[in-house]
Amino acid sequence: MSGRSSAHGADGSMADPCLELWRHARDSAHAAERVTLDRAAGCLAVALAEMVVSARTPRHRAAAEALAGAPGGCTVSGLPRPADVTGAVVANAYLMHARLTDDSFRVAAHPGLAVVPVALAAAEHAAHRTGRGVDGPRLLRAVVGGYECACLLAERLLPEVSRRGWRVTSVIAPLAAAATMALVLDLPDDDACAALGLASAATGGPLGVVSTGGDGWRLQPALAVQAGVSAVFAASAGLRSGPGALAGPHGVYSLFGDAAEAETREPVPEPAVHRVTFKRYPVAMYGQSIFDALGGQSPLSGTIDRIAVRLAPFAAGYGGQRDASTDSISSVEGIAIAAVRAFHPDLALPPGTTVDVIGDPDLPELTARVHLALSDGRRLVLTGDGDTSGWGLADFRRRCAELLGEAGDPLCRAAGALSEGGDPARLLELWRVAR
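Presented here is a report on the structure given in the accompanying data block. (Residues numbered from 1 in each chain as written. Predicted model: local features only at pLDDT ≥ 70, side-chain atom pairs only at ≥ 80, totals over all residues. Heavy atoms only, no water.)

Quick notes on the pattern of salt bridges
Right, on to step 1. Taken as a whole and assessed by the stated rule, the structure comprises 22 salt bridges.
Right, on to step 2. Two residues, Arg34 and Asp38, come together in a salt bridge whose shortest N-O distance is 3.0 Å. With Arg34 and Asp38 both in helix α2 (residues 34–55) and four residues apart, the pair spans about one turn of that helix.
Right, on to step 3. One salt bridge connects Glu160 with Arg163, and the closest N-O pair in it is separated by 3.6 Å. Of the two residues, Glu160 and Arg163 both sit in helix α7 (residues 160–163), three residues apart, roughly one turn of that helix.
Right, on to step 4. Linked through salt bridges whose partners overlap, the residues forming this network are Glu50, Arg99, Arg399 and Glu402. (Salt bridge = Lys/Arg side-chain N within 4 Å of Asp/Glu carboxyl O. Helix = DSSP H or I, 4+ residues; strand = E, 2+ residues; numbered from the N terminus.)

Some remarks on helix α13 (residues 288–295)
Right, on to step 1. With respect to burial, α13 is a largely interior element, six of its eight residues being buried.
Right, on to step 2. Gln288, Ser289, Ile290, Phe291, Ala293 and Leu294 are the residues of α13 that are buried.
Right, on to step 3. Contacts made by the buried residues of α13 are with β2 (302–311), α15 (332–343), β5 (367–374) and β6 (379–385). (Buried < 20%, exposed > 50% of the residue type's maximum accessible area, 1.4 Å probe, protein only. Contact = heavy atoms within 4.5 Å.)

Things to note about the packing of helix α4 (residues 85–97) against helix α10 (residues 216–236)
Right, on to step 1. Where α4 contacts α10, the two axes come as close as 8 Å, and the packing angle between them is 150°. Judged by the angle between their axes, α4 and α10 are roughly antiparallel. Crossing hand, α4 versus α10: right-handed. Every residue of α10 that contacts α4 at Val85, Thr86, Val89, Val90, Ala93, Tyr94 and His97 is listed here: Trp217, Arg218, Leu219, Pro221, Ala222, Leu223, Val225, Gln226, Val229, Ser230 and Phe233.
Right, on to step 2. Taken together, the residues of the contact of α4 with α10 break down into 13 nonpolar, four polar and one charged. (Axes fitted to C-alpha atoms, helices over the stretch in contact; angles between N-to-C directions. Parallel < 35°, antiparallel > 145°, perpendicular 65-115°, else oblique. Left-handed = near helix turned anticlockwise from the far one by under 90°. Nonpolar A, V, L, I, M, F, W, Y, C, P; charged D, E, K, R; others polar.)

In structure tokens:
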């Protein structure tokens, strides 16, 4: 996949693409070194903090309670009662994405919502079922493998999946969720491979939810994650997928991606979790650079005549910009106006002010240039950088503290201790009581 391996097995026969994908995820999990486990711990801590903050909003907490369904043994952030494993997964995935502040990969994909809620619920489910807890390193290795599966799929399908009108997160989430749960539960290869194939039957989700109003964009990925968990249980009960689920004429790769383009991409040696990016502002990932550009400028006053935003072409066109509502989460115009209002409240935006959105192939995918023309003749060009893939432990701690206050640092430290053999029970307890 994505240049990482041959399409043939050792004997020259065609490899099973589901098995190939599973092996990538499994081998990445098993081979993860300390630095990669620490990175997974950071992803885990920030994800938990995001769930807690979302659950503070009554409407999001009410939605999570409705999605949680039947009682069980798995934690749902912000709720007093545990839920069934499937309900807990979908509720927590919803909470992680509800404010559009969860992590990202390749600008458009949100891998963490398909990995972290599943890994946590699977660990609690395993402990209740067997009486034996999942140790810290094993939990983090499952997170590494889940991200690997999600990001490999995103690499293979983007940008074609978006051009065809599908939301990449909802395409990759069922398979990433299935891989994560299979790793936590230590499923045999046959069952894990079958789970991925069965999960592929539920891939997809219209991209239109990001360019219109409503809450469809919040809920859609969580439903896709739920499908992956159900696929694991079905595979464990003996159900099997047929050939061609991924690479067949009507499989995931051909329906959503460009096979020829995927085969020409260079291999990426480091685990995918190291290339995940994190948000500082509640807007789309490509909007982080717009907020960074305007937030880095000392406060302005006056009146705006014109705004132009230059972004990488994919970001400039994502979600059908010309047809998108400026109130939608995908609108570059709406993001730019929101950033002006957030950082420059004394800068007047006359009624009808428009934002020119320009695709610039010379810009990296997480960079923006904002051009401001003011009525007094001033002209400013502001550059912003949204790439947070280089975050380390101090950054994760700071982000958790920003979100949770005093509760943030203990939560982040408990996640970090998992790579040293720390007990996940401590992390789970801190998560349960965080409000």
